[in-house]
Amino acid sequence: MRNVRSVDQLTVAHDSAWPDVLRLVNDARVPVRLLPADPSTAFDVLNRLQVAVGTCLGAIALHCGGMVIDHGWLRLLGAGFEELPSIATVNNLPEPN
């Protein structure tokens, strides 16, 4: 049986990779557009992923709806935004038991 962590355990603030993600975005040689995330949706996605915000994936899932890179040539999924689905939805991730 898998150990399910709570959202509180997944969002330990002192361990967030979000500052590192923002540094990478700021240093990018191509345009990167960060899409906003709805907080309630972001917490749900993080819970379904069961990935802590200390990882880049967890930080992106919590802090942005996704990223549109190089005018849309690359899209990184996060919590979802408008027509861009969340990474949890695309991967059909259920609620953890």
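It should be noted that the structure appears before, not after, this text.
Predicted model, so just to flag it, every value in this text is computed and none were measured.

Peer 1: Can you walk me through the nonpolar core in this structure?
Peer 2: Inside soluble globular proteins, nonpolar side chains tend to come together where they are buried. Membership of the largest hydrophobic core is limited to nine residues, which are Ala17, Trp18, Val21, Val25, Ala59, Ile60, Cys64, Met67 and Ile69. In this structure, Leu10, Leu46, Val53 and Ala79 belong to the second largest nonpolar core, which totals seven residues.

Peer 1: How do you make sense of the pattern of salt bridges when you look at a structure like this?
Peer 2: Here the idea is simple: oppositely charged side chains can pair when their charged atoms come close. Here the structure, examined in full by the defined rule, presents two salt bridges. Measuring nitrogen to oxygen at the nearest pair gives 2.2 Å for the salt bridge that ties arginine 23 to aspartate 20. With arginine 23 and aspartate 20 both in helix α2 (residues 18-27), this residue pair falls three residues apart, about one helical turn. When its relative accessible area of 38% is taken as the criterion, aspartate 20 is described as partly exposed. Aspartate 44 is paired through a salt bridge with arginine 48; the nearest N and O atoms lie 3.5 Å apart. In this pair, aspartate 44 and arginine 48 are both assigned in helix α3 (residues 39-49), four residues apart and thus about one turn of the helix distant. In this structure aspartate 44 comes out as partly exposed when scored by relative accessible area, which is 27%.

Criteria and cut-off values
Residues numbered from 1 in each chain as written. Predicted model: local features only at pLDDT ≥ 70, side-chain atom pairs only at ≥ 80, totals over all residues. Heavy atoms only, no water. Core = buried A, V, L, I, M, F, W, Y, C linked by side-chain atoms within 4.5 Å. Buried < 20%, exposed > 50% of the residue type's maximum accessible area, 1.4 Å probe, protein only. Salt bridge = Lys/Arg side-chain N within 4 Å of Asp/Glu carboxyl O. Helix = DSSP H or I, 4+ residues; strand = E, 2+ residues; numbered from the N terminus.

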